[in-house]
Amino acid sequence: MKLKQKIHNKTMKIFILFTCMVFILSACSNATDKDYEEFKQTFFAMDTFITLTAYGKNADAVLKEAENKMAELESLWSVTDEKSEVFTINHSKGNAVEISNVTADLLAFALQMASQTDGALDPTIYPVVDAWGFTGEENRIPESHELARLLGRVGYDKVKLNGNKVIVPDGTEVDFGAVGKGYAGDILSGLLMDAGIRSSLIDLGGNIQAVGSKPDGSDWKIGIRNPLGDGNLGVLSVSDRAVVTSGSYERYFVGEDGKEYGHIIDPETGYPAESGLLSVTVIAKQGKLCDALSTSLFVMGLDKAMDYWNQYQDFDMILVTEQQEIYLTEGIQSQIELDGAWSSNGIHVIKTGK
Ligand code: AMP
Ligand code: MG
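For the structure given in this document, a descriptive report is provided here. Remember, predicted model here, so these are calculated numbers, not experimental data.

So, about the overall build of the protein. A tally of regular secondary structure across the protein gives nine helices and 17 strands. The buried share of the protein, taken over its 354 residues, is 47%. At a minimum sequence separation of 6, the contacts of the protein that also span at least 24 residues come to 57%. Total accessible area on the protein stands at roughly 18000 Å², and carbon and sulfur atoms take up 49% of it.

Here's what the structure looks like:
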């Protein structure tokens, strides 16, 4: 072979190699562009603003589906919509009601968590929440005899669930205010993943469900609200986790006596829980567990919440006390970056057995 031809062949090879590389790179970058494409859907459901963010090719269509799913769940669980299953249960006058699989599953979970938390979570607390005016526009301080009378209608053990059949005594009402959003978050994340979405952030009014990680593979950064004012307590780095916070700061009123009354009720007393905590954040795989626990650990207070964690340990938590001290479980310690003033407050790491 002549030298000139050899050079020509070599040049051809380099050219072909280069062209292939450009093709491969551009194919990669095309796929990447689509994978990174961001879609957002914002709407109002379950009494809160919802923002769904998802990345990927068909994410816009999937988000629309997710919005429809939320509307469907709300129409099943609304306490006020006369056509909802919850409304039907609450007006059944002691008769058996046949409910859908999804509502039966949520009710079974709520009852299980009620028993597991010794009634700190109680899906039948609604009449008491209503008496305090947290379901409507106007808050009031009920008389203690009124609360005692209403508490007679409350008690998760009054609810009899057998498969899809539920019986509640006349006067007892169920409500998923403390668990429904977390459960809905699980359903939405399942729906998104089934549709091939690997990166999404579901924000149900602060109940966060992170599907996968950010499109670049890094953790999502989730702001945890400062329970004492504007801004964040800190920022949490997580992938594939739900993060749910409960606190009286979310909804409260100041009574004529100048006292603050929060929306999380201690089912033992009928009064807003005063357990010495400002907020409870729970981090776990399942949104429903986070939602159920953030409410009930808030009712329990610091010591009982730590005992509960020690017993189950299938979640992480961040507790903020009225003394502005922070208690967090060891699993989450390296994931949180506390904001300004909070980082100089007392920080206690909760470890197994302590
Ligand atoms: P969350 O924001 O998830 O902590 O839920 C609080 C909401 O659940 C309140 O606004 C009430 O509607 C309802 N609720 C209040 N106290 C309780 C309780 N102890 N158990 C179950 N639901 C409650
Ligand atoms: Mg909750």
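Further remarks concern the site of ligand 1. As a matter of local geometry, ligand 1 sits amid 16 residues, with Ser-246, His-263, Ile-265, Asp-291 and Thr-295 nearest to it. Interatomic distance of 2.8 Å between a backbone N/O atom of Ile-265 and a nitrogen atom of ligand 1. Taking Thr-295, its side chain carries an N or O atom lying 2.7 Å from an oxygen atom of ligand 1. Contact with the protein chains hides 90% of the accessible area of ligand 1, taken as 490 Å² for the molecule alone.

Right, let's talk about the pairing of strand S1 (residues 38–45) for a bit. What you see with S1 is a clean split: Phe-39, Gln-41, Phe-43 and Ala-45 sit on the buried side and Glu-38, Lys-40, Thr-42 and Phe-44 on the side with no burial. Counted along the chain from S1 to the antiparallel partner strand S2 (residues 48–55), the turn is two residues long, and its residue Met-46 has a positive phi close to 50°.

Right, let's talk about helix H4 (residues 101–116) for a bit. The end-to-end C-alpha separation of H4 is 22 Å, in line with the 22 Å expected for 16 residues at 1.5 Å each. Along H4, the residues classified as buried are Thr-103, Ala-104, Leu-106, Leu-107, Phe-109, Ala-110, Leu-111, Met-113 and Ala-114. At the exit of H4 stands Asp-118, carrying a positive phi of roughly 60°.

Where helix H2 (residues 59–77) contacts helix H7 (residues 180–194), the axes come no closer than 10 Å and their chain directions differ by 150°. Handedness of the H2/H7 crossing: right-handed. From H2, Val-62, Leu-63, Glu-65, Ala-66, Lys-69, Met-70, Leu-73 and Trp-77 reach across to H7, where they touch Gly-180, Tyr-183, Ala-184, Ile-187, Leu-188, Leu-191 and Leu-192. Per-class residue counts for the contact of H2 with H7 are 12 nonpolar, one polar and two charged.

Reading guide: rules and limits
- Residues numbered from 1 in each chain as written.
- Chains lettered and ligands numbered in written order.
- Predicted model: local features only at pLDDT ≥ 70, side-chain atom pairs only at ≥ 80, totals over all residues.
- Heavy atoms only, no water.
- Helix = DSSP H or I, 4+ residues; strand = E, 2+ residues; numbered from the N terminus.
- Buried < 20%, exposed > 50% of the residue type's maximum accessible area, 1.4 Å probe, protein only.
- Contact = heavy atoms within 4.5 Å.
- Areas by Shrake-Rupley, 256 points an atom, 1.4 Å probe, with all protein chains shown as cover.
- Near = heavy atom within 4 Å.
- Polar contact = N/O pair within 3.5 Å; in protein donor to acceptor, adjacent residues only side chain to side chain.
- Pairing = 2+ DSSP bridges.
- Expected span 1.5 Å × (residues − 1).
- Axes fitted to C-alpha atoms, helices over the stretch in contact; angles between N-to-C directions.
- Left-handed = near helix turned anticlockwise from the far one by under 90°.
- Nonpolar A, V, L, I, M, F, W, Y, C, P; charged D, E, K, R; others polar.

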